[in-house]
Structure formats: C-alpha cells, structure tokens
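# Structural characterization, general
If you want the building blocks of each chain, they are given just below.
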Amino acid sequence: MQAMTIEDVLKATGGTLLSGDVHQTFNDVISDSRKVTAGVLFVPLVGEKFDGHEFIKAAFDLGASAVLTQRDTELLVDKTIVKVEDTLKAFGDIAKYYKQKYNVPTVSVTGSVGKTTTKDMLASVLSQKYNTLKTMGNFNNEIGLPITIFGLEKEHEAAVLEMGMNHFGEIEHLADIGRPDVAVITNIGQSHIENLGSREGIFKAKMEMTKLFTKDNTLIVNGDDDYLSKTKGMGEYKVVYYGITNPENDVYAKDIENNGLNGIKFTAVVDGGEYPIEVNIPGKHNVYNALAAICVGREFDVPMDKIAEGIRSFELTKMRLAVEEYNGITIINDCYNASPDSIKAALGVLADTDKNRKVAILGDVLEMGDFAKDAHYNLGKVVKENGVDLLITAGENMKYLAQGAKDNGVENIVSFDKTLEVCNYVKDEIKSGDAVLIKASRGMHFEEVYNTIKNK
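Residues numbered from 1 in each chain as written. Predicted model: local features only at pLDDT ≥ 70, side-chain atom pairs only at ≥ 80, totals over all residues. Heavy atoms only, no water.

A count of helices and strands for the protein chain gives 15 helices and 22 strands. Scaling as 2.2 N^0.38, a compact globule of 456 residues should have a C-alpha radius of gyration of about 23 Å, and the protein chain matches this with 24 Å. A principal-axis box enclosing the C-alpha atoms of the protein chain has dimensions of 70 × 55 × 40 Å. Across the 456 residues of the protein chain, 55% fall into the buried class. (Helix = DSSP H or I, 4+ residues; strand = E, 2+ residues; numbered from the N terminus. Rg over C-alpha atoms; globule rule 2.2 N^0.38 Å. Buried < 20%, exposed > 50% of the residue type's maximum accessible area, 1.4 Å probe, protein only.)

Written out as structure tokens, the structure reads:
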C-alpha cells in the first residue's frame, strides 16, 4: 500500500479527529488485530461474537500509527484516534478513496458459478501485458475487497477484483468501492437463492454491478445464459457476449476437444479469426471461463498469442477443482465451495477419469432455503448420469440427493450426518486405483475429508 495520512481518512469517511495529528501517516489498513504491525491504521470491526474495539490499546502497543473507533473510546496520550459512525463502512470508504487516488484500469468478476476460476484465468491473461493485482483466495466481500484494494502499489497497471454476494445491495456496494471499468458476469445459477428468492432475483442482484456504468464501461457476459443473453440495451454501456458454438456471440468456441483430467482444447472464434486455445484443467465449463478471459484480454489490447499463453499457464486458487495423485488415488479437490451447478460440473470431471472406481463424496449445498430439497434431489440423476460407482454424502440436504440417486439407479450409497463421520469412513474405504471427487459448501469443512484421504 502507498502511504496515506489521517487527513485522507477524514476526507474519505467524514470522521472526527479525537486526538493526534491529521498529518500522521500509515502504510496499511488492518482490521485483524492479530496482524497489526508498526505503522498501520487499525480499523476495529464489530461482529456477532467479537468486537475489535477491545484491542485498540493492544494495537497501539504493537506500533499502530492510528485507529478508528465507532464507540466512545478512552483517549490515549499522543495517540491518533478518529471517530466514525460505522467502522465497517469506513473500512470500505477508505478503500474507495484509496482506489480513486491511485486508480488503475479494473475488471470485476461475479457470477453464481466460476467467478474465482475466471478471476484467476483473466488475471493471468492481463499479466501477460500488465503488472496485475488480483483478489487472493475468497477475499470478495465487504471486508475482503478493501483488503485487496489496499494491496495496490505504484507498479500495478491493472486490477482484477472478485465480487461475491448473498443479499441485494451487496454487489452495488462493492462496485461502488472498486469502480470497475469492465465487469464480467459468468452466469446466473442458484447460489444464495434462499436470500434472493429466484434466479430472477439473482440476476437483478448481479446486475447491480452496472448501476454506476456509463458509455465508457463494458459488461462481458455469458451469451449462452438465458438471463444474461438479454442484457443488450439495458444500459448505455457496451455489452460483449461469449459462448459455445453460437456465432451470434461476439467470441465463441468450437471444435471442443475434451482430454479428461489433462484439460481441454478448443478453437476460439474472435473477430472472424480462429485461434487454438488450451486449458490445462479439466471440465467443459472451463471453456466458458477461458472465453471470458479472452473477452477481457481483447478489451485491454492483449495480443491473442499472449491471451492464449495466459490461459494455458494460469494457476487455480487452492481447493478449486485441483486434480492431485496420492498413493495411487486420484483426488479431485473441489471443496472450496459448492452450488448445484458447480456440483454438476465437478461430477462431469469425475466421469472423465479412467480409474477403476469413481467415488463422489458430497456435502450439503448451503443457503438454498426452500429450494434445498428439490435442488439436491435432482442432482441424484446427475450422479447416475456420470457413472458414479460409490456415493458418500454428509449433511441433511445431501440425504435428498442420496434419495434422488437411489431412485435413479445408483446402488452404492453411504450417507452420514457429519463431516467427521465421513472422515472416519474413508480411511479404510478409499483404495489405490480410485478417483475421488470431494465437494461441498465451505461451511461443511470438507478440507478435512481431503486431508484424511491425502494422508492415508
């Protein structure tokens, strides 16, 4: 982070200086008291089970230059303290101010499925020409996005910001902080449908990304998606469509060659030209992610040969459909998160393996609300279609999937209530020669299943 002053903070937040010096500088903004080091601004956040204000004195003891507060706080001699109405809002306001002060061309990525992989892929494409900052891990919410933005340094020439949400208004808030020049929406699925009511609601929430768009902005969307394909003319901004086989899309893929766990190849049709593209991770759904990266690369004038290299060489965020081999067991580690659509895609990858036995270990998809029963049950048919030899489930919702699988002819099914029970079962059940898919919502902590199998 480039240095800022408390005067900048006052301008960004409208706060009040309680003590100290407006010219006090700081070299980072930290909300986790455990990560406070000398010279930072500490922003104490308030959650259901914690209150960062309890660590204000400790933050100063660790060398913090200044702190924010939304509470009445004991004034400390010679310490710089700024009072704001809401420290979480102020955290975002400071990030917004910093982003505008040290602005770089910016791409935002959102969508029900594939946004993290798409983010990684298009950041790799942009990195072929520009020094690019990207969201790390799952730092895509009202806390994570500011943390990413504070990572902007003077050498950065582009930024890729992932934006997630589970309620209306969140994408609009994040877009206001990050101010993207170009936005990518990967698809409209069922993630967080409990809070948004329907796919129509999810579509409206994702389209909040464009509320601040003008004629100078570009929206890049999956033209094969039934909602996103209707976005042209919804604003004065430019819309670019990508998809598979349909020549009406601005960029499309043809001659798709599935090489199983070794990845996928296709021909990208771009401005009338045809270009060979290699994606070194499995799954046909990654063709869409690569097409989105191609569209972004074109908007930023990256040559097609460099775009192809960026796609070929990109690296996945951990626990995102990572294929690994341990003791003769092929593990498809996709326990970062889950939705009905991403489970379908992951089962397709499992089906592409050539191992003796295909094992799907699946945990609950959360935040589905009243849609949970039908969504999980319907996935049972997909399990059968992809030739799963053994289905292992954990969680209440997955019992519906297990029933759906049984009703569709899957014979070998074992269901548990908790993740720990799955761990105990797989210690002896998973053998050399198996291909194992591990997938669940983040709250199921399926990395424990992965570690159990990996360390057999």
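Read on, since the account is not over.
To continue, consider the environment of arginine 34. Among the secondary structure elements, arginine 34 is positioned in the loop between β4 (29-30) and β5 (41-42). For the pair arginine 34 and phenylalanine 55, spaced 21 residues apart in sequence, the C-alpha separation works out to 9.3 Å. Here aspartate 32 takes part through its side chain, which lies 2.9 Å from a polar atom of the side chain of arginine 34. (Polar contact = N/O pair within 3.5 Å; in protein donor to acceptor, adjacent residues only side chain to side chain.)

Interaxial distance between helix α4 (residues 115-126) and helix α10 (residues 304-313) falls to 8 Å at its minimum, and their mutual angle equals 135°. When the axis of α4 is compared with that of α10, the two are oblique. With respect to the hand of their crossing, α4 and α10 are arranged in right-handed fashion. Residues Met121, Ser124 and Val125 of α4 lie in contact with α10, whose contacting residues are Ile307, Gly310, Ile311 and Ser313. Residue composition of the contact of α4 with α10, by class: four nonpolar, three polar and no charged. (Axes fitted to C-alpha atoms, helices over the stretch in contact; angles between N-to-C directions. Parallel < 35°, antiparallel > 145°, perpendicular 65-115°, else oblique. Left-handed = near helix turned anticlockwise from the far one by under 90°. Contact = heavy atoms within 4.5 Å. Nonpolar A, V, L, I, M, F, W, Y, C, P; charged D, E, K, R; others polar.)

A few words on the sheet that holds strand β7 (residues 80-83). Taken together, the five strands give an open sheet; going across it, the order is β2-β7-β6-β5-β4, and neighbouring strands pair in mixed fashion. Where the open sheet ends on each side, the last strands, each with one partner, are β2 (16-19) and β4. With three bridges joining them, β2 and β7 adopt antiparallel strand pairing. Directly across from threonine 16, in β7, lies its bridge partner lysine 83. Against the sheet, helix α1 (residues 6-13) engages β2, β5, β6 (66-69) and β7, with an angle of about 5° to β7. Packed onto the sheet, helix α3 (residues 87-101) meets β4, β5 and β6 and runs at close to 130° relative to β6. (Pairing = 2+ DSSP bridges.)

Let us look at the pairing of strand β12 (residues 218-222). Taken across its five residues, β12 has five buried, putting it largely inside the fold. Alternating residues of β12 divide into Thr218, Ile220 and Asn222 and Leu219 and Val221, and every residue in both groups is buried. With four bridges joining them, strand β11 (residues 182-185) and β12 adopt parallel strand pairing. When the sheet's bridge partners are listed, valine 184 is paired in β12 with isoleucine 220. Note that β12 and strand β13 (residues 238-244) share five bridges and pair parallel. When the sheet's bridge partners are listed, leucine 219 is paired in β13 with valine 239.

This brings us to the side chain of histidine 53. Topologically, histidine 53 is positioned in the loop between β5 and α2 (56-61). A polar side-chain atom of histidine 53 sits 3.4 Å from a polar atom in the side chain of threonine 69. A polar atom in the side chain of histidine 53 sits 3.0 Å from the backbone nitrogen of glutamine 70. If we skip the residues at most four places from it in the chain, histidine 53 touches Pro44, Val46, Thr69, Gln70, Arg71 and Thr87.

Overall, the coordinates contain 26 salt bridges when judged by the stated rule. Arginine 357 is paired through a salt bridge with glutamate 429; the nearest N and O atoms lie 2.8 Å apart. Of this pair, arginine 357 sits in strand β19 (residues 357-363) while glutamate 429 sits in helix α14 (residues 419-429), and the two are 72 residues apart along the sequence. Arginine 442 is the salt-bridge partner of glutamate 447, the closest N and O atoms lying 2.8 Å from each other. Through salt bridges with shared partners, a single ionic network connects Lys119, Asp120, Lys134 and Glu162. (Salt bridge = Lys/Arg side-chain N within 4 Å of Asp/Glu carboxyl O.)

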